[in-house]
Amino acid sequence: GGGHTDESPARDKTFQNGAATLNLFSLRAALQNSVCTIVLREPVSRAVSGFYAFHYKRTTNLTAPEMLRQHGAEAFLNHSVLVSQSEFVGAGRVSDLTAVFESCVIGTTERFDEFLETLSRILRVPAQTGGVHFRSSGKKEGFHSNDWPIFQEALAPLMQPDMELWRLGARIADAQRRAVL
């Protein structure tokens, strides 16, 4: 038959979301002209920031170093990372994401200005990179720069899927940047 089912909507079927009405044809056209972007954050840094943003002075008065020393790495992660990056993107195996990542413009928060420059060259629009910063969880009370190696050593082994995902993203971001320069 020539009819349509709920699984294959007719070409003129419209979708209403608040004040916006979009038909399937215009949705397809919009998606064909879209650019997928993914920005990843180094997992240990993300965990420490997550601890201070969501738990310090809310669920515990221990600083991040105190929490790690007193309760260990697993407990620290339970108090810091709401959702791992690899779980968020639905990775069964991070290596399965290579094709997805290569079809998107990838960046890392640690080199965000470079991501914006790469994206601007791909889209052929002026780069607006000056002064772009991510919202910070604020001062990390009791945390000092010499604590980073301790946190890397303790947390990174427990965050291997996220570490692998971040390294993959960083490699692809570097390759994309070289390709557009």
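Relevant structure appears above.
Bear in mind the structure is a predicted one, so any value in this text is a computation, not a measurement.

Peer 1: Break down unusual backbone geometry for me, citing the residues and quoting the values.
Peer 2: Residues other than glycine seldom take positive phi values, yet Lys57 does so here, at roughly 65°. Looking at where Lys57 falls in the secondary structure, it is placed in the loop between α2 (43–54) and α3 (64–78). The exposed category is assigned to Lys57, whose relative accessible area is 53%.

Peer 1: How would you sum up the nonpolar core? Please name residues and give values.
Peer 2: Counting residues in hydrophobic clusters, the biggest one holds 20 residues, and the most contacted among them are Phe76, Phe151, Leu155 and Met159. Going through the elements one at a time, α2, α3 and α7 (148–155) are the ones with two or more residues in this core. With six residues, α3 is the largest single contributor of residues to this core. Sequence-distant contacts of Leu155, that is, excluding residues within four places in its chain, are made with Val44, Ala47, Leu68, Ala73, Phe76 and Leu77.

Peer 1: Before we move on, could you go through the side chain of Ser80 and cite the residues and values that matter?
Peer 2: Along the chain, Ser80 falls in the loop between α3 and α4 (85–88). According to the relative accessible area criterion, Ser80 is buried, its value standing at 3%. Of the polar contacts made by the side chain of Ser80, one reaches the backbone oxygen of Phe76; its length is 3.2 Å. In this structure Ser80 touches Ala47, Gly50, Phe51 and His55, once residues within four positions along its chain are discounted.

Rules used throughout
- Residues numbered from 1 in each chain as written.
- Predicted model: local features only at pLDDT ≥ 70, side-chain atom pairs only at ≥ 80, totals over all residues.
- Heavy atoms only, no water.
- Helix = DSSP H or I, 4+ residues; strand = E, 2+ residues; numbered from the N terminus.
- Buried < 20%, exposed > 50% of the residue type's maximum accessible area, 1.4 Å probe, protein only.
- Core = buried A, V, L, I, M, F, W, Y, C linked by side-chain atoms within 4.5 Å.
- Contact = heavy atoms within 4.5 Å.
- Polar contact = N/O pair within 3.5 Å; in protein donor to acceptor, adjacent residues only side chain to side chain.

The values reported here are purely geometric and, on their own, carry no functional implication.
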